[in-house]
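Report on the structure
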Amino acid sequence: MNLLDGKLYSKELRLEIKEKADAFFNQFNRKVGLAVVIIGEDLASQIYVNNKIKATEECGMNSFTVRLPETVSQEVAEEEVKKLASNNEVDGIIVQLPLPKKFDSAKILAHIPAEKDVDGLCSLNLGRLFKGEKSLPSCTPYGIIKLLKRYNVEFSGKTAVVIGRSNMVGKPIAALLLHENCTVTVCHSKTQDIGAVARTADILVVAIGKAKFVTEDMVKDGAVVVDVGMNREDGKLYGDVDFEGVSKKASLITPVPGGVGPMTVTMLMYNTVVAAFRSEGVDEL
């Protein structure tokens, strides 16, 4: 068993991203800009936002943070996103989710233009992703593919199984694996005998939100296992995979924490730099 070390690779990749951000500044005389909108005082969301701000600054980019109290109206929240959408110094916009229950998040997110949707979650970017067209890919799935490539994982002709069908992870990672010429199966809550399906996987991606859901008997020898889960129980953090058992059979496996999580934030930075160059008419970095 070897670790797919997202924390280590993330550090390497951020150096490359900073070089690209510096090159953008030298060429266009402005810094790449990422805006983050957070509504309310949720502690976990505050931590995530602060991590993103820190990463933005590490990568040599400008950080724009809009912090709104939960007491603001839906209309005010939408107007703040509209202002960022029209700000030429802002290349990427993210709204920290989940929002407090009183807000219609879909309406707020709809004001983010596709070219600034660096989370890659709007319908246009997801549609382009599925069609294999130029897009801003969803950060977590994009980070998974980057990480697997960094460790020279072979894709073409391999059997990939994705457990979970969310719009944020399950569906887009399935599309990206298809683009890499994998044969892909997506499992979900209605799948019969998930274990039997999972045991067919050369590449197993688990994003189901249940601590230690995938056990050793569900994984075939030599499989590559990617654990997207972040589950807190009794003050501890667990993935969706029983790491202790599954690591005995996997050839490569992501730890939790230190696997997929760092890559998600890093790909957010990467997408922002890509968006900045595209705003200036440069399609490829």
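Residues numbered from 1 in each chain as written. Predicted model: local features only at pLDDT ≥ 70, side-chain atom pairs only at ≥ 80, totals over all residues. Heavy atoms only, no water.

Focus on the side chain of Gln 74
When you line up the elements, Gln 74 lands in helix α3 (residues 74–85). Among the polar contacts made by the side chain of Gln 74, one reaches the side chain of Glu 78 at a distance of 2.9 Å. Beyond its immediate sequence surroundings of up to four residues, Gln 74 is in contact with Lys 102, Phe 103, Asp 104, Lys 107 and Ile 108. (Helix = DSSP H or I, 4+ residues; strand = E, 2+ residues; numbered from the N terminus. Polar contact = N/O pair within 3.5 Å; in protein donor to acceptor, adjacent residues only side chain to side chain. Contact = heavy atoms within 4.5 Å.)

Description of helix α7 (residues 170–179)
Counting buried positions along α7 yields seven of ten residues, so the element is predominantly enclosed. Where α7 is concerned, the buried positions are Gly 170, Pro 172, Ile 173, Ala 174, Ala 175, Leu 176 and Leu 177. Elements that come into contact with the buried residues of α7 comprise α5 (123–131), α6 (139–150), β5 (159–163), β6 (183–187) and β7 (203–206). The positive-phi residue at the C-terminal boundary of α7 is Asn 181, with phi of around 70°. (Buried < 20%, exposed > 50% of the residue type's maximum accessible area, 1.4 Å probe, protein only.)

A few points about the sheet that holds strand β2 (residues 33–39)
Judged by pairing direction, the sheet is parallel, and its three strands sit side by side in the order β3-β2-β4 without closing on themselves. Strand pairing shows two members of the sheet lacking a second neighbour, β3 (62–68) and β4 (92–95), which therefore form its edges. Taking each pair of neighbouring strands and ignoring which way they run, the sheet shows an average axis angle of 15°. In the sheet, β2 pairs with β3 via seven bridges, with the strands oriented parallel. Note that in β3 the partner of Leu 34 across the bridge is Ser 63. (Pairing = 2+ DSSP bridges. Axes fitted to C-alpha atoms, helices over the stretch in contact; angles between N-to-C directions.)

Points about the state of the cysteines
Formally, a disulfide is one covalent bond, and it connects the sulfur atom of one cysteine to the sulfur atom of another. Evaluation of the coordinates by the stated rule reveals zero disulfides. Counting only cysteine sulfurs, Cys 139 is the nearest neighbor of Cys 122, a cysteine outside any disulfide, at a range of 12 Å. With no disulfide of its own, Cys 187 lies closest to Cys 182 among cysteine sulfurs, the gap being 15 Å. (Disulfide = S-S within 2.5 Å.)

Focus: the packing of aromatic side chains
Evaluation of the coordinates by the stated rule reveals four aromatic pairs. Between Phe 24 and Phe 28, the ring centres sit 4.9 Å apart and the planes meet at 45°, which makes this aromatic pair tilted. With a gap of four residues between them, Phe 24 and Phe 28 both fall in helix α1 (residues 6–28), about one helical turn apart. Assessed through its relative accessible area of 0%, Phe 24 is described here as buried. With a relative accessible area of 23%, Phe 28 lands in the partly exposed category. Considering the side-chain rings of Phe 24 and Phe 277, the 5.2 Å spacing of their centres and the 80° angle between planes classify their relative orientation as edge-to-face. (Phe/Tyr/Trp six-rings, centres within 6.5 Å; stacked < 30°, edge-to-face > 60°.)

What about the pairing of strand β8 (residues 224–227)?
Each regular strand displays side chains that alternate between the two surfaces of the sheet. Judged by which residues are buried, β8 turns out to be covered on both faces: Val 224 and Val 226 on one side and Val 225 and Asp 227 on the other are all buried. Two strands pair when backbone bridges link them, and β7 and β8 are joined in this way by four bridges, in the parallel orientation. Its bridge partner being in β8, Ile 203 is matched across the sheet by Val 224. As paired strands, β8 and strand β11 (residues 252–253) are joined by two bridges and run parallel to one another. Looking at the pairing, Val 224 lines up with Leu 252 of β11.

Details of unusual backbone geometry
Looking along the chain, the bond that leaves Leu 97 and enters Pro 98 is cis, with omega of 0°. For Pro 98, the location among the structural elements is in the loop between β4 and α4 (105–109). Here the bond from Val 256 into Pro 257 is cis, since omega is 0°, no more than 30 degrees from zero. Note that Pro 257 resides in the loop between β11 and α10 (260–279). Residue Asn 29 is not a glycine yet carries a positive backbone phi of 60°. Summarising the element assignment, Asn 29 is placed in the loop between α1 and β2. Phi angles above zero are rare outside glycine, and Asp 193 is one such case at about 55°.

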